[in-house]
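Each chain, written out:
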Amino acid sequence: MEIIKIFDTTLRDGEQSPGASMNTEEKIQIAAQLERLGVDIIEAGFAAASPGDFDAIDKISQRVTNSTICSLARAMDSDVKAAGEAIAKAKMKRIHTFIATSSIHMEHKLKMTPDEVIKRAVRAVEYARTFVDDVEFSCEDAGRSDIGFIKEISDAVIQAGASTINLPDTVGFRLPFEIGAMVKEMSQYVQGRAIISVHNHNDLGLAVANSLEAIANGARQVECTINGLGERAGNAALEEIVMALKTRSDVFAGFDTSINTKEIYPTSRLIANITGIEPQPNKAIVGKNAFAHESGIHQDGMLKNKSTYEIIRPEDIGLDIQDTLVLGKHSGRAAFKDKLTKLGFIVSDEELNSAFERFKELADKKKEVYDDDIRALVTSEMTNIKKTYELIAMQLMDSTGGVPSAAVTIKHNETEITDAGIGNGTIDAVFKTIDRITGYHGKLIDYKVKSVSEGKDALANVTVKVTFNDNEPAIIGHGLSLDTMLASAKAYIGALNSYLSMEGKLKLRHTDSSETI
Ligand SMILES: [Zn+2]
């Protein structure tokens, strides 16, 4: 079996999509789950982008041992140095450097001649090799680059020590047969001197199709993200590529990946819970309806023989439909721990204790506790950062025609502070009152409520995006509660706590966000 390397860029390309930063603890949890999923390479971030990115890559490098940890770096010394230092503690490490190779980018963005571009690329790869043995080079905008020039620069960077040549369709412009032809020509050209990789964007909805066509034509690494997250229309979805290869092993005979497909669904849920971006219900593989057979004829066929309409078994991706309705208030610690293991969580005793306590509180108020409730609860418990501010109590007043008001009590440095305020709506009143107590003035960029499971008594999962400083990216905050208003207040305070945990580390070192692959 020949292994197709899975290069996951959820933490780098994917992180650019919510338009808001995750906190370091959330990134570590995602990396640990990607390791369980079995991805070969985790692109953990862009070390030179901000001190916060650097910090997260450094911590992930210390935590993950079974996947290679990679940082992106523009082809310049300062970027390569930051990448090399951020991954220094990883067991297996890679620097991924890039420069644009299409004439439109070289002329208008870089304002460099092709010869100068080659020089910069060679210098970056040589310098990267002083930090690591494993260097990947990307021809940014390869999809619109001249293949003759791609060959020329590939020769030069392979000579300089690059072992992977990545051909990103940065703007998502190419059709499958075109990607296939490019990859075929390049893999024949490099002839085993380097691995050919692809990185496809989904602007025309073709990212996965393009990636599969690339594999059929000689690519041995695909770059992808969980749930297809990524800039604009996103990146190729990891779960779709992997399940297409597996389901159509008749076509892709002789190829395999190192992915443990049973971890696909848990990984998808973790990413959705943390980013607040739910896959569309009809999304292939991980959408809510991907395995729901509603039509009568289909249901009849399914009952007689599942293979009539089912090409993938839900259990293959770790979605055990039989097991959706689970624990209640009489469930003990052992049953709870067993459930967590089944759901793929590996928790410390301390995390188990606090998660179990929260589970009991929930089960007291809610008759049936579903898998999704537990996933949301444990995720929020495990990604908890230091609670600089903690919500203690809240009282709301709202009536038709009246003025919405909120009284809020928050604990800070062992002191409880209570204040009250009014607003244009209840949420507005709550957030303004929190601002008054904490002295931080957040600007709400986005607000989303999702019910975690079914029923009127479902848990509300609120995700907010807030900026606390105009020059810095927004921060994601989460709140989980049976009460939507309480969940909203928790989410807002959570965003502030995340912000404080990264304060001073968020400022982007460079603002040219157009320079990425
Ligand atoms: Zn990309």
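This text gives an overview of the structure that appears in the document. This structure is a prediction, so every number in the text was calculated from the model and none was measured.

Conventions adopted
Residue positions are counted from 1 within each chain, in the order its sequence is given. pLDDT decides what is reported in this predicted model: residues at 70 or higher carry local features, side-chain atom pairs at 80 or more are listed and counted, and totals for whole chains, interfaces and linings draw on all residues regardless. Neither water nor hydrogens contribute to the side-chain values; these are computed over all heavy atoms in the structure. Water is not part of the atom set, so a site may look incomplete; the donors themselves are N, O and S atoms within 2.8 Å of the metal, or 3.2 Å for Na, K and Ca. Metal sites are grouped by the angles between bound donors: all angles between 85 and 135 degrees with four donors is tetrahedral, opposite donors over 155 degrees apart with the others between 65 and 115 is square planar for four donors and octahedral for six, and any other pattern is irregular. The buried label goes to any residue with under 20% of its type's maximum accessible area, the exposed label to any with over 50%, and the partly exposed label to all in between, with areas taken from a 1.4 Å probe on protein chains only. Numbered from the N terminus, helices here are DSSP runs of H or I no shorter than four residues, and strands are runs of E no shorter than two. Any helix carries an expected span of 1.5 Å times its number of residues minus one. Polar contact is the term for a pair of N or O atoms within 3.5 Å; when the atoms are in protein, one must be able to donate a hydrogen and the other to accept it, and sequence-neighboring residues count only if both atoms are side-chain atoms. DSSP calls a pair of strands paired once it identifies at least 2 bridges connecting them. Lines fitted to C-alpha atoms define the axes here, with helix axes fitted over just the stretch in contact, and angles between the N-to-C directions of these axes take values from 0 to 180 degrees. Residue contacts are counted whenever heavy atoms from the two residues lie within 4.5 Å of one another. The nonpolar core is taken to be a set of buried Ala, Val, Leu, Ile, Met, Phe, Trp, Tyr and Cys residues, with the residues joined through side-chain atoms within 4.5 Å. By convention a crossover is right-handed if, when the strands point away from the viewer, the path from the first strand over the helix to the second runs clockwise. Pairing of aromatic rings covers Phe, Tyr and the six-membered ring of Trp, with a centre-to-centre limit of 6.5 Å; geometry is then stacked below 30 degrees between planes, edge-to-face above 60, and tilted otherwise. In this scheme, Lys NZ or Arg CZ marks a charge over a ring once it lies within 6 Å of the ring centre and within 35 degrees of the ring normal. Angles below 35 degrees are treated as roughly parallel, those above 145 as roughly antiparallel, those between 65 and 115 as roughly perpendicular, and all remaining angles as oblique. Crossing handedness follows the turn of the near helix against the far one: under a right angle anticlockwise gives a left-handed crossing, and clockwise gives a right-handed one. By the convention adopted, Pro, Cys, Tyr, Trp, Phe, Met, Ile, Leu, Val and Ala count as nonpolar, Lys, Arg, Asp and Glu as charged, and the other residues, Gly among them, as polar.

Observations regarding the coordination of the zinc ion
Inference 1: For the zinc ion, every protein donor is listed as Asp13 (OD), His199 (NE2), His201 (NE2) and Ile517 (O), and the spread of their distances is 1.9 to 2.3 Å.
Inference 2: If you look at the zinc ion, its four donor atoms make angles of 92 to 124° with each other, and the shape they trace is tetrahedral.
Inference 3: Site description for the zinc ion: donor spacing in sequence, D-x185-H-x1-H-x315-I. Here the two residues His199 and His201 agree in accessibility, since each one is buried.

Describing helix α1 (residues 24-37)
Inference 1: Across its 14 residues, α1 extends 20 Å between first and last C-alpha, which sits within 8% of the 20 Å expected from 1.5 Å per residue.
Inference 2: Burial analysis of α1 places 12 of its 14 residues in the buried class, which makes it a mostly covered element.
Inference 3: Three or more residues of α1 are buried, namely Thr24, Glu26, Lys27, Ile28, Gln29, Ile30, Ala31, Ala32, Gln33, Leu34, Glu35 and Leu37.
Inference 4: N-capping of α1 is provided by Asn23, with a side-chain oxygen placed 3.0 Å from the backbone N of Glu25.
Inference 5: The first or second residue beyond α1 is Gly38, which carries a positive phi of 95°.

Regarding the sheet that holds strand β16 (residues 415-422)
Inference 1: Strand order in this open sheet of three strands is β14-β15-β16, and the pairing throughout is antiparallel. Pairing within the sheet leaves two strands with one partner each, and these edge strands are β14 (389-397) and β16. Across the sheet, the mean angle separating the axes of adjacent strands is 15° when strand polarity is ignored.
Inference 2: By the bridge criterion, eight bridges tie β14 to strand β15 (residues 405-412) in an arrangement that is antiparallel. By the bridge assignment, Ala393 is partnered in β15 with Thr409.
Inference 3: Those strands touched by helix α16 (residues 484-501) are β14 and β15, and its axis lies near 150° from that of β14.

Side note on the nonpolar core
Inference 1: Counting residues in each nonpolar core, the largest one holds 102 residues, and the members touching the most others are Ile69, Phe137, Ile153, Leu167 and Ile241.
Inference 2: Dropping the residues within four chain positions of it, Phe137 is found in contact with Thr97, Phe98, Ile99, Ala121, Val125, Ile153, Val157, Ala162, Thr164, Ile165 and Asn166.
Inference 3: Formed by 27 residues, the second largest nonpolar core is a distinct cluster that contains Ile410, Ile475, Ala487 and Leu500.

Focus on the pairing of strand β7 (residues 135-140)
Inference 1: The buried fraction of β7 is high, at six of six residues.
Inference 2: Residue alternation in β7 divides its side chains into two sets, Val135, Phe137 and Cys139 and Glu136, Ser138 and Glu140, and both sets are buried.
Inference 3: Two elements, strand β6 (residues 93-100) and β7, share six bridges in a ladder whose sense is parallel. Bridging across to β7, Thr97 finds its partner in Phe137.
Inference 4: Sheet analysis places β7 next to strand β8 (residues 164-169), joined by three bridges and oriented parallel. What sits directly across from Glu136, in β8, is Thr164.
Inference 5: Between the parallel pair β7 and β8, the chain is carried across by helix α6 (residues 147-160), and the sense of this crossover is right-handed.

A few points about unusual backbone geometry
Inference 1: Positive phi values are uncommon outside glycine, yet Asp141 reaches one of about 65°.
Inference 2: In this model, Glu414 sits at a positive phi of 65°, which is unusual for a non-glycine residue.
Inference 3: The residue Glu414 is located in the loop between β15 and β16 in this model.
Inference 4: Glu414 sits in the exposed class, given a relative accessible area of 69%.

Thoughts on the sheet that holds strand β17 (residues 443-451)
Inference 1: Strands sit in the order β3-β19-β18-β17 across an open sheet of four strands; the sheet is mixed. Every interior strand has two partners, whereas the edge strands, β3 (20-21) and β17, have only one.
Inference 2: Relative to strand β19 (residues 474-481), strand β18 (residues 460-467) runs antiparallel, the two being bridged by seven bridges. Across the sheet, the residue bridging to Val466 is Ile475, located in β19.
Inference 3: Lying on the sheet, α16 is in contact with β17, β18 and β19; it crosses β19 at an angle near 145°.

Structural notes on the packing of aromatic side chains
Aromatic ring pairs are reported here in terms of the distance separating the ring centres and the angle at which the planes meet.
Inference 1: Scanning all chains against the criterion turns up seven aromatic pairs.
Inference 2: With a centroid separation of 5.2 Å and an interplanar angle of 80°, the aromatic rings of Tyr127 and Phe131 are classed as edge-to-face.
Inference 3: Tyr127 gets classed as buried once you look at its relative accessible area, which sits at 17%.
Inference 4: Aromatic pair Phe431 and Tyr492: ring centres 4.2 Å apart, planes at 10°, arrangement stacked. Highlighted residues: Phe431 in helix α15 (residues 426-438) and Tyr492 in helix α16, separated in sequence by 61 residues.
Inference 5: Take Phe431: its relative accessible area is 7%, and that puts it in the buried class.
Inference 6: Judged by its relative accessible area of 3%, Tyr492 is buried.
Inference 7: Through a chain of ring-to-ring contacts, three or more aromatic side chains come together here, namely Phe336, Phe356 and Phe359.
Inference 8: Taking the ring centre of Tyr189 as reference, the NZ or CZ of Arg193 above it sits at 5.6 Å.

A short note on the environment of Asp141
Inference 1: With respect to the helices and strands, Asp141 occurs in the loop between β7 and α6.
Inference 2: As a C-alpha pair, Asp141 and Leu319 span 178 residues in sequence and 37 Å in three-dimensional space.
Inference 3: The residues touching Asp141, leaving out its near neighbours within four places in the chain, are Ser102, Ile104, His105, Pro168, Thr170 and Val171.

Some remarks on the packing of α1 against helix α2 (residues 51-63)
Inference 1: Following both chains from N to C, one finds α1 and α2 inclined at 40°, their axes separated by 9 Å at the closest point. Taken together, α1 and α2 sit at an angle that is classed as oblique. Between α1 and α2 lies a crossing of right-handed hand. Here Thr24, Lys27, Ile28, Ala31 and Ala32 of α1 come into contact with α2, specifically with Asp53, Asp55, Ala56, Lys59, Ile60 and Arg63.
Inference 2: Tallied by class, residues from the contact of α1 with α2 come to five nonpolar, one polar and five charged.

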